[in-house]
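Structural characterization, general
Here's the letter readout for the chains.
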Amino acid sequence: MEFQKCLVILVLSLMGFLGSSQSYKFYVGGRDGWVLKPSEPYSHWAERNRFSVNDTLFFKYKKGSDSVLVVNKENYFNCNTSSPIQSLKEGDSEFKFERSGPFFFISGFGDNCLKGQRLIIVVLAVRSKTHPAPPSLSPSPSQSQAPIVPPSSGNPPLPSPSLAPWSPHSPAPAQSSSPRFQNNLVVLGSCVSVVVSVLLGGFVGSSIF
C-alpha cells in the first residue's frame, strides 16, 4: 500500500514538472478570429493573458480575405504595411514567440489597421532561477557608532538614531525556502527510497528463483 502511494506521488510530481515547462497556443480574437471588429477588443484580450517565450499565436482568417503583418513600433502606430518584418497571408497563420519583449501585429488588408485591426503583445522575460539574498537587518556603522550629543542648557538632548520599528506594511525579509517546500522534498525523497527498495527487492527475488 505504501509502495502504491509513493508511486502515485512520483507520477504526479513528474506531471507537474512537465506541465510547468510546456508552451501554450493562444487563439487571437477567440471565436471571432482575426477580424476587423471582434466582440472583445484586441487590447483587452492581450491584457488579460500572459505570454511567455515559445508560446504561439493563432490567427484565424481565410486566405485572400486578410493577412497578418509583423511590424516595428513606428509602422504599427502609422499603419505602414509597406515594409513588414514578417508577412503571414496563407490563412490560419501561426506565430511563435522566440524572445521576450513587445511584438506588433497589424492587418495587411486594405485600411483595416487604420480602423483598429492591430495588436500589441508583450512577452514576459524568462525568470532567473537564482534568488536574491535576504536584506541584512544589522544597523549600519553610522547607526551603531553614532556619538551621543550631551544635553546643553538651552536645548533638549537629541535622540540617538535607531532602527525604525517594524510595521504591518513593511516587507518581510526574504526566506530561502518555506517549511512546506522542505516537507515536500522530504516526502518525495522518502517515496523515492521506498520505490527503489521495492524494485531492487523484486529484482533480487527474481534472480534467486
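In what follows, the structure referred to is the one given above.
What comes next is a walk through the structure. Note that the coordinates shown come from a computational prediction; the quantities given were computed from them, not determined experimentally. (Residues numbered from 1 in each chain as written. Predicted model: local features only at pLDDT ≥ 70, side-chain atom pairs only at ≥ 80, totals over all residues. Heavy atoms only, no water.)

**As for the overall build of the protein**
In terms of regular secondary structure, the protein is built from five helices and seven strands. Ordered by position from N to C terminus, the α and β elements of the protein give α-β-α-β-β-α-β-β-β-β-α-α. In the protein, which comprises 209 residues, the proportion classed as buried is 22%. Carbon and sulfur atoms provide 60% of the accessible area of the protein, an area that totals close to 15,600 Å². (Helix = DSSP H or I, 4+ residues; strand = E, 2+ residues; numbered from the N terminus. Buried < 20%, exposed > 50% of the residue type's maximum accessible area, 1.4 Å probe, protein only. Areas by Shrake-Rupley, 256 points an atom, 1.4 Å probe, with all protein chains shown as cover.)

**Structural notes on the nonpolar core**
Trp 45, Leu 57, Phe 59, Phe 97, Phe 105, Leu 119 and Ile 121 are the most contacted members of the largest nonpolar core, which has 20 residues in total. Within the residue set of this core, elements represented by two or more residues are helix 2 (42-47), strand 2 (56-59), strand 3 (68-71), strand 6 (101-107) and strand 7 (118-123). If near-sequence neighbours (up to four positions away) are discounted, Trp 45 is found in contact with Phe 26, Tyr 27, Val 28, Gly 29, Glu 40, Phe 51, Leu 57, Leu 119 and Ile 121. In terms of nonpolar packing, the next biggest core, distinct from the first, is built from seven residues, Leu 69, Val 71, Cys 79 and Cys 113 among them. (Core = buried A, V, L, I, M, F, W, Y, C linked by side-chain atoms within 4.5 Å. Contact = heavy atoms within 4.5 Å.)

**Quick look at the state of the cysteines**
Counted under the stated rule, the structure contains one disulfide. There is a disulfide in this structure between Cys 79 and Cys 113, and the S-S distance comes to 2.2 Å. An S-S torsion of about -75° defines the bridge between Cys 79 and Cys 113 as left-handed. Residue Cys 79 is located in the loop between helix 3 (73-78) and strand 4 (86-88), and its partner Cys 113 is located in the loop between strand 6 and strand 7; the two are separated by 34 residues in the primary sequence. (Disulfide = S-S within 2.5 Å.)

**Comments concerning the sheet that holds strand 1 (residues 25-27)**
Spatial strand order, 1-2-5: three strands in an open sheet with mixed pairing. Bordering the open sheet on either side are strand 1 and strand 5 (93-96), each of which pairs with just one other strand. The average angle at which neighbouring strand axes cross in this sheet is 25°, direction not considered. Pairing between strand 2 and strand 5: four bridges, direction antiparallel. Its bridge partner lying in strand 5, Leu 57 is registered against Phe 95. (Pairing = 2+ DSSP bridges. Axes fitted to C-alpha atoms, helices over the stretch in contact; angles between N-to-C directions.)

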